[in-house]
Amino acid sequence: MQDVFGIIPSAGNLRRDMVLISVISIGLLVMPPLLVAFLGVPDRSRPAVLGLLVFPAVLLTSGMLAVFAKCMRAARTARFVVTPAGLSLEGDFWGRRLPLDVLRVSEARAVDVERERDLAPLERQMGTELSGYRAGWFQLRNKERALLYLTDPHRVAYIPTTKGYSLLLSVADPAAFLASLGRAAGSPVRSGRV
């Protein structure tokens, strides 16, 4: 048995984020020649100094664009796979496999984090936060630590773990996702409201 549930695609303005990242990237690439011009570097030293400044700027820009592209893709294509062995979170840098014995399935429920304000993400600790997409480690209003894949605050599966954190996952049908998790774990799941 393997049930696959996709993340609800982000409704955020990812194009605006892409424009912002592009402007920052262009700025990083334009800055080294401007520095060389304003610092009054002698003509014969300019190629060497420019090379020393441009190379790190190109590396930084390329890395930043690659990370952003991966996150943008995950905002639309992340998926959650339920198997008899456990739950796999697949998407971006925060993906992992969790065995069923780590998940407190009997306490899992469907939630609307705008109604249950205690479960709303308050502060990003280590993660991605783009328009309409939050993934990674966040602190919730109730001071709980949570691993998020969140695009729609109204359709969320909340799953506590025995590891000191919870999962908040945006899925189109949280009840079906939790039922699948319950079947895999052989444990009933509270229905919750969404």
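See above for the structure.
(A) The sheet that holds strand β5 (residues 109-111), seen in detail. Strand order in this open sheet of six strands is β5-β9-β10-β8-β7-β6, and the pairing throughout is mixed. Every other strand in the sheet has two partners, leaving β5 and β6 (121-130) as the edge strands with one partner each. On average, each strand axis in the sheet is tilted by 25° relative to the strand beside it, whichever way the strands run. Contacting β6 and β7 (133-140), helix α2 (residues 46-77) runs over the sheet at an angle of about 110° to β6.

(B) Seen up close, α2. If you check α2, its first and last C-alpha atoms are 46 Å apart, about what 32 residues at 1.5 Å a residue would give, namely 46 Å. Within α2, burial applies to Ala-57, Thr-61, Phe-68, Cys-71, Met-72, Ala-74 and Ala-75.

(C) Layout of the nonpolar core. Counting 37 residues, the largest nonpolar core has Leu-87, Tyr-149, Ile-159, Leu-167 and Phe-177 as the members making the most contacts within it. Of all elements in the fold, only α2, β2 (79-83), β3 (86-90), β7, β8 (145-150), β9 (156-160), β10 (166-170) and α3 (174-185) reach the threshold of two or more residues within this core. It is α2 that provides the largest number of residues to this core, a total of five residues. Excluding its chain neighbours within four sequence positions, the residues that come into contact with Leu-167 are Leu-87, Leu-89, Leu-98, Leu-103, Leu-147, Ala-157, Tyr-158, Ile-159 and Thr-161. The next biggest cluster of nonpolar side chains, apart from the first, holds 11 residues, and it includes Val-111, Leu-119, Ala-146 and Leu-150.

About the cut-offs
- Residues numbered from 1 in each chain as written.
- Predicted model: local features only at pLDDT ≥ 70, side-chain atom pairs only at ≥ 80, totals over all residues.
- Heavy atoms only, no water.
- Pairing = 2+ DSSP bridges.
- Helix = DSSP H or I, 4+ residues; strand = E, 2+ residues; numbered from the N terminus.
- Axes fitted to C-alpha atoms, helices over the stretch in contact; angles between N-to-C directions.
- Contact = heavy atoms within 4.5 Å.
- Expected span 1.5 Å × (residues − 1).
- Buried < 20%, exposed > 50% of the residue type's maximum accessible area, 1.4 Å probe, protein only.
- Core = buried A, V, L, I, M, F, W, Y, C linked by side-chain atoms within 4.5 Å.

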